[in-house]
Amino acid sequence: MKKTYRGSCHCGAVRYEADIDLAQGTFRCNCSICFKTRAWLAGIPADSFRLVAGEDSLRDYQFGRKNLHHPFCTQCGVRPFSRGADAKGNRFYAVRLNSLDGVEPPELVEAPVKYFDMAHDSMGSPPETGHL
Ligand SMILES: [Zn+2]
């Protein structure tokens, strides 16, 4: 069931609302940025995401092919979300579940997790996932 969550960076300068159905699945990935930031994400269409505060506190970060944006809070360094567009041009956000506020642990525990092997350009699961 889709639910509206609130999320923020650590200092609270950046705040957002996102409509997420956690039962639809979440993902972890072994690409360079997901690995270094231990990202746990839920992908949602851009119109399900609303930045409530902190546009001025965000600094963008891009790397590689620069398809995606990985903004972070210039005060506290937390990255609450990434954003980009898929091959068809559909804009999406990848919300970092660790930046949600007020979410009960069972909701997160019950959310299915898919693993992507993007370190090898694959949406399939990497052979090892326990470290992600
Ligand atoms: Zn912050």
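Our structure is the block above this text.
The paragraphs below set out a description of the structure included in this document. (Residues numbered from 1 in each chain as written. Predicted model: local features only at pLDDT ≥ 70, side-chain atom pairs only at ≥ 80, totals over all residues. Heavy atoms only, no water.)

**Let's talk about the sheet that holds strand S5 (residues 49-53)**
Here is step 1 of the chain: Taken in spatial order, the four strands of this open sheet run S5-S2-S1-S10, and their pairing is antiparallel. Looking at which strands have only one partner, the edges of the open sheet turn out to be S5 and strand S10 (100-101).
Here is step 2 of the chain: With six bridges connecting them, strand S1 (residues 3-8) and strand S2 (residues 15-20) associate as antiparallel partners. Bridge pairing links Thr4 to Asp19 in S2. (Pairing = 2+ DSSP bridges. Helix = DSSP H or I, 4+ residues; strand = E, 2+ residues; numbered from the N terminus.)

**What to know about the coordination of the zinc ion**
Here is step 1 of the chain: Taken together, the protein ligands of the zinc ion are Cys9 (SG), Cys11 (SG), Cys73 (SG) and Cys76 (SG), with distances of 2.3 to 2.4 Å.
Here is step 2 of the chain: For the zinc ion, the four donor atoms are set out with angles of 106 to 118° between them, so the coordination reads as tetrahedral.
Here is step 3 of the chain: Mapping the donors of the zinc ion onto the primary sequence gives the spacing C-x1-C-x61-C-x2-C. (Donors = N, O, S within 2.8 Å, 3.2 Å for Na, K, Ca; no water. Tetrahedral: all angles 85-135°; square planar, octahedral: opposite > 155°, others 65-115°.)

**Thoughts on the pattern of salt bridges**
Here is step 1 of the chain: Following the criterion strictly, the structure yields five salt bridges and no others.
Here is step 2 of the chain: Close ionic contact of Lys3 with Glu107 constitutes a salt bridge, the shortest N to O distance being 3.0 Å. Here Lys3, found in strand S1, pairs with Glu107, found in helix H2 (residues 105-110); they are 104 residues apart in sequence, far enough to count as distant.
Here is step 3 of the chain: For Lys3, a relative accessible area of 35% translates into the label partly exposed.
Here is step 4 of the chain: Here Glu17 ties to Arg6 by a salt bridge, and the two come within 3.5 Å at their closest N and O atoms. One end of the pair, Glu17, is in strand S2; the other, Arg6, is in strand S1, and 11 residues separate them in sequence.
Here is step 5 of the chain: Overlapping salt bridges bring together Arg6, Glu17, Asp19 and Arg50 as one network. (Salt bridge = Lys/Arg side-chain N within 4 Å of Asp/Glu carboxyl O. Buried < 20%, exposed > 50% of the residue type's maximum accessible area, 1.4 Å probe, protein only.)

**Quick notes on the state of the cysteines**
Here is step 1 of the chain: Taken as a whole, this structure holds zero disulfides when the rule is applied.
Here is step 2 of the chain: Free of any disulfide, Cys29 has its nearest cysteine sulfur in Cys31, 4.0 Å distant.
Here is step 3 of the chain: The exposure class assigned to Cys29 is buried, which follows from its relative accessible area of 5%.
Here is step 4 of the chain: Between Cys34, a free cysteine, and Cys31, which holds the nearest cysteine sulfur, the sulfur-to-sulfur gap is 3.8 Å.
Here is step 5 of the chain: The buried category is assigned to Cys34, whose relative accessible area is 9%. (Disulfide = S-S within 2.5 Å.)

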